Amino acid sequence: MCGFAGFCQPDRNFEENKEEVFGILNQMRRALWRRGPDDSGVWLSPHAGLSHARLSIIDPAGGRQPMIKETSHGPAVIAYNGELYNTAQLKKELKEKGWQFATASDTEVILSGYLEWGPDFVKRMNGIFALAIADCARKRLLLARDRAGVKPLFFARRETLFVFASEIKGLFAHPDITPALDHSGLQELFSIGPARIPGSGVFKGISEVLPGHMLLCEGGQIRDLCYWKLESRPHEDSLEKTLEKTRFLVRDSICRQMVSDVPICTFLSGGIDSSLVSAVCAEELKKQGQILHTFSFDFTGNDKNFQANAFQPSQDRPYAKIMAEHLGTCHHFLECSSQVLSDRLFDSVRAHDLPAMADVDASMLHFCSIVKESCKVALTGECADEIFGGYPWFHSSDAFRSPDFPWSKDIKPRQMLLKDEVIRSLDMENFSRQACLDSVARTPRLEGEAPLERRRREIFWLNLNWFMQTLLNRMDRASMYSGLEARVPFADHRIIEYLWNVPWEMKNYGNTPKGLLRHAADGLLPEKVLNRKKSPYPKTHDRVYEKILAGMMKNMMEDSSAPVMRYLDKNKIRTFLESPSDYGRPWYGQLMAGPQLMAYMLQVNFWMKEYHL
């Protein structure tokens with residue numbers, strides 16, 4: 001996994017001030033060094049430039065980037081971030097067409113595939129990726145992003161200049177791209193954050209390539225082309241066939257994503273998703289005489305402080321232990337203290353270039369930094385809940401009736417600390433609701449579908465395009481901040497496509513959340529794990545953490561230079577700080593309540609300071 005950045009400007013000749021332009025490319029590369037600390041490179045033509053920071057996973061010696069292939073009419077050059085999981089198949093096809101390969105890297109396969117089939121080659125790719133290809137012969141720049149949106153790719157336009165980067169910080173390393181925040185950005189921050197409107201970078205003038213899309217830059221024009229989208233059609237497979245195909249797709253995806261020239265590990269919470277991924281990985285490694293390393297995460301003191309509730313009925317540790325013993329893995333229990341958690345809040349902002357999921361993000365970032373000390377590649381159970389219907393709102397009549405995002409139904413908790421005039425100015429409720437309704441309107445429809453199933457399909461659509469994107473952003477930034485590659489087998493586009501049309505009575509087989517997946521995992525997991533009720537990623541229950549945050553909030557209130565205080569009401573904050581835990585209604589997801597609201601506002605303030613907003 002890597003990071004890349006670059007730019008093109010058809011009406012300018014970069015050869016005229018080559019040294020200065022190389023300096024800009026290197027600035028952009030250095031801004032992304034955490035994504036790729038192992039190697040780096042830059043490339044420049046008269047009208048385009050690419051820079052790359054590499055994390056070496058496949059063919060460390062031969063996979064250097066930017067990678068160049070010479071053609072009779074000029075070079076084609078690629079900078080790429082991701083992993084291609086059908087490399088062997090595509091390489092075989094290309095060899096049959098006469099292509100020869102100098103490396104064992106997937107990068108060379110992608111570049112050769114582009115030269116053979118053109119931009120539509122991305123339709124043949126199974127993987128997680130963001131890429132840029134400069135085709136000098138055709139005076140074309142191609143940007144593309146994977147179907148599920150696992151890997152990020154941002155861009156900005158300033159007149160004839162087009163700049164792109166794996167992370168927003170890479171854009172701001174270019175002297176012509178500077179941070180700014182407008183009214184719509186403020187609406188996103190306070191009304192729907194940490195979610196983002198698809199394609200939005202929150203900063204004014206910053207956009208993101210949409211999942212399943214490519215941008216073609218030719219002749220001074222930029223075309224946004226969708227190369228993949230979900231289609232709704234009747235599901236004709238029997239339950240037995242559906243089960244068989246689901247089992248095959250999940251196992252095949254996990255096995256494909258084990259490809260690596262460095263050791264792999266898995267995140268193992270003891271829930272069904274990560275346990276299934278770990279079970280397949282352990283089984284495959286055992287055939288090679290290897291033992292899988294697994295990691296689980298929790299917070300210092302949660303053994304005493306944990307409080308079960310409807311959203312989080314059980315702790316992970318007992319189930320992770322059962323699973324690790326069942327598989328015979330080398331298991332590592334990791335913990336994070338309240339002080340470390342609060343310290344990491346601002347690292348999370350640095351990783352995202354935006355306020356994020358507060359301590360949910362900060363803790364994941366911290367845990368990834370520890371995992372990176374022993375492994376470069378980790379497989380996770382992320383995305384299964386969005387695809388198989390595991391969240392409570394898939395089973396809630398309230399979510400089906402509400403016109404709002406099911407994970408953020410009540411806008412009032414978000415407004416608790418804001419000034420009244422800010423609430424009125426941002427029109428928060430209408431902004432959030434309209435974003436939801438606009439997205440629902442784009443749901444692929446199935447003619448003749450019953451109203452209940454039609455609405456259920458809309459809930460799935462919202463989860464895939466919003467909630468899953470937030471979690472994929474979290475996983476990418478948290479892991480790549482430490483140079484760890486996190487892979488997400490459940491986000492394989494073949495699984496998403498197939499499950500999209502599987503009816504609810506099959507997904508919810510046995511009237512059990514994710515019943516189809518549980519049935520597919522039968523025989524691989526112990527009964528206690530197989531039948532465990534969903535419990536989300538843990539959060540700390542330590543009141544010390546709340547006290548630390550409250551102290552930070554008080555300091556922020558007294559800081560005359562704190563930019564977020566332009567939007568917050570001091571009297572409301574004082575009332576809130578008397579007992580943050582009493583504000584227990586989640587305002588995002590299942591676990592982000594009072595303490596996480598404090599953490600989020602602290603992140604917003606740090607972000608505004610960092611970018612002089």
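In this text the structure is predicted, and so the values were computed from the model without any measurement.

Asker: Looking at this model, I keep getting lost on the overall build of the protein. Mind explaining?
Answerer: For the protein, the count of helices and strands is 24 helices and 17 strands. Taken over C-alpha atoms, the radius of gyration comes to 24 Å for the protein, in line with the 25 Å a tight globule of 613 residues would show. For the protein, the C-alpha atoms occupy an extent of roughly 70 × 60 × 50 Å along the three principal directions. Counting over 613 residues, the protein shows a buried share of 63%.

Asker: What is the right way to read the sheet that holds strand 10 (residues 207-208) from this model?
Answerer: In a beta sheet, neighbouring strands pair by backbone hydrogen bonds and run either parallel or antiparallel. Strand order across the open sheet formed by six strands is 2-3-1-9-8-10, with antiparallel pairing between neighbours. The open sheet has two edge strands, strand 2 (39-44) and strand 10, and neither has a second partner. Two strands pair when backbone bridges link them, and strand 8 (residues 154-158) and strand 9 (residues 161-165) are joined in this way by five bridges, in the antiparallel orientation. In the sheet register, Ala 156 faces strand 9, and the bridge partner there is Val 163. Where helix 1 (residues 18-31) meets the sheet, it contacts strand 1 (2-8), strand 2, strand 3 (48-54) and strand 9, and its direction lies at approximately 145 degrees from that of strand 2.

Asker: Hey, could you run me through the packing of aromatic side chains in this one?
Answerer: By convention here, two paired aromatic rings are described through the distance between centres and the angle between planes. Applying the stated criterion across every chain, the model contains 28 aromatic pairs. An aromatic cluster of three or more residues is present, and its members are Tyr 391, Trp 393, Phe 405, Trp 407, Trp 466, Phe 467 and Tyr 588. Lying across the ring of Tyr 481, Arg 34 places its NZ or CZ 3.8 Å from the centre. A cation sits over an aromatic face here: Lys 91 above Phe 101, 5.2 Å from the ring centre.

Asker: How do you make sense of helix 5 (residues 183-192) when you look at a structure like this?
Answerer: Each full turn of the α-helix corresponds to 3.6 residues, which orients residues three or four apart in the same direction. Among the ten residues that make up helix 5, eight are buried, leaving the element largely enclosed by the rest of the structure. All of the buried residues along helix 5 are Gly 185, Leu 186, Gln 187, Glu 188, Leu 189, Phe 190, Ser 191 and Ile 192.

Asker: Is there a simple way to think about the environment of Ala 593 in this case?
Answerer: Counting through the fold element by element, Ala 593 comes out in the loop between helix 23 (570-577) and helix 24 (594-610). With relative accessibility at 8%, the residue Ala 593 sits in the buried group. For the pair formed by Ala 593 and Glu 116, sequence separation is 477 residues and the distance between their alpha carbons is 52 Å.

Asker: Is there a simple way to think about the pattern of salt bridges in this case?
Answerer: As a working rule, side chains carrying opposite charge can pair if their charged atoms are close by. According to the stated counting rule, one finds 42 salt bridges in the structure shown. Lys 169 serves as the salt-bridge partner of Glu 167, at 2.7 Å between the closest nitrogen and oxygen. Exposure class is identical for Glu 167 and Lys 169. Each is buried. In this structure, the salt-bridge partner of Glu 218 is Arg 223, at a minimum N-O distance of 3.3 Å. Residue Arg 223 is classed as partly exposed on the basis of its relative accessible area, which comes to 44%. One salt-bridge network, held together by shared partners, links Arg 35, Lys 151, Glu 167, Lys 169, Asp 353, Asp 476 and Arg 477.

Asker: Help me understand the state of the cysteines, please; the structure alone is not making it clear to me.
Answerer: Summed over the entire model, instances satisfying the criterion amount to zero disulfides. This cysteine, Cys 255, is not joined by any disulfide, and Cys 281 carries the nearest cysteine sulfur, 7.5 Å off. The class for Cys 255 is partly exposed, based on a relative accessible area of 28%.

Asker: Looking at this structure, I do not really get the UniProt feature "binding site: L-glutamine" (unreviewed entry) in the protein. What am I missing?
Answerer: Mapped onto this numbering, the UniProt entry annotates "binding site: L-glutamine" (unreviewed entry) at Asp 106. At 3.0 Å, the side chain of Asp 106 and the backbone nitrogen of Leu 84 are in polar contact.

Asker: Help me understand the pairing of strand 1, please; the structure alone is not making it clear to me.
Answerer: The two faces of the sheet receive side chains in turn, since in a regular strand these alternate between them. For strand 1, the tally of buried residues reaches seven of seven residues, placing the bulk of the element in the interior. Covered by surrounding structure in strand 1 are Cys 2, Phe 4, Gly 6 and Cys 8 together with Gly 3, Ala 5 and Phe 7, the residues of both alternating faces. Here seven bridges tie strand 1 to strand 3, and the two strands are oriented antiparallel to one another. Among the inter-strand pairings, Cys 2 is bridged to a residue of strand 3, identified as Arg 54. One ladder, built from four bridges, connects strand 1 with strand 9; its direction is antiparallel.

Rules of the game
Residues numbered from 1 in each chain as written. Predicted model: local features only at pLDDT ≥ 70, side-chain atom pairs only at ≥ 80, totals over all residues. Heavy atoms only, no water. Helix = DSSP H or I, 4+ residues; strand = E, 2+ residues; numbered from the N terminus. Rg over C-alpha atoms; globule rule 2.2 N^0.38 Å. Buried < 20%, exposed > 50% of the residue type's maximum accessible area, 1.4 Å probe, protein only. Pairing = 2+ DSSP bridges. Contact = heavy atoms within 4.5 Å. Axes fitted to C-alpha atoms, helices over the stretch in contact; angles between N-to-C directions. Phe/Tyr/Trp six-rings, centres within 6.5 Å; stacked < 30°, edge-to-face > 60°. Lys NZ or Arg CZ within 6 Å of the ring centre and 35° of its normal. Salt bridge = Lys/Arg side-chain N within 4 Å of Asp/Glu carboxyl O. Disulfide = S-S within 2.5 Å. UniProt positions renumbered as here; feature names shortened; annotations may be inferred. Polar contact = N/O pair within 3.5 Å; in protein donor to acceptor, adjacent residues only side chain to side chain.

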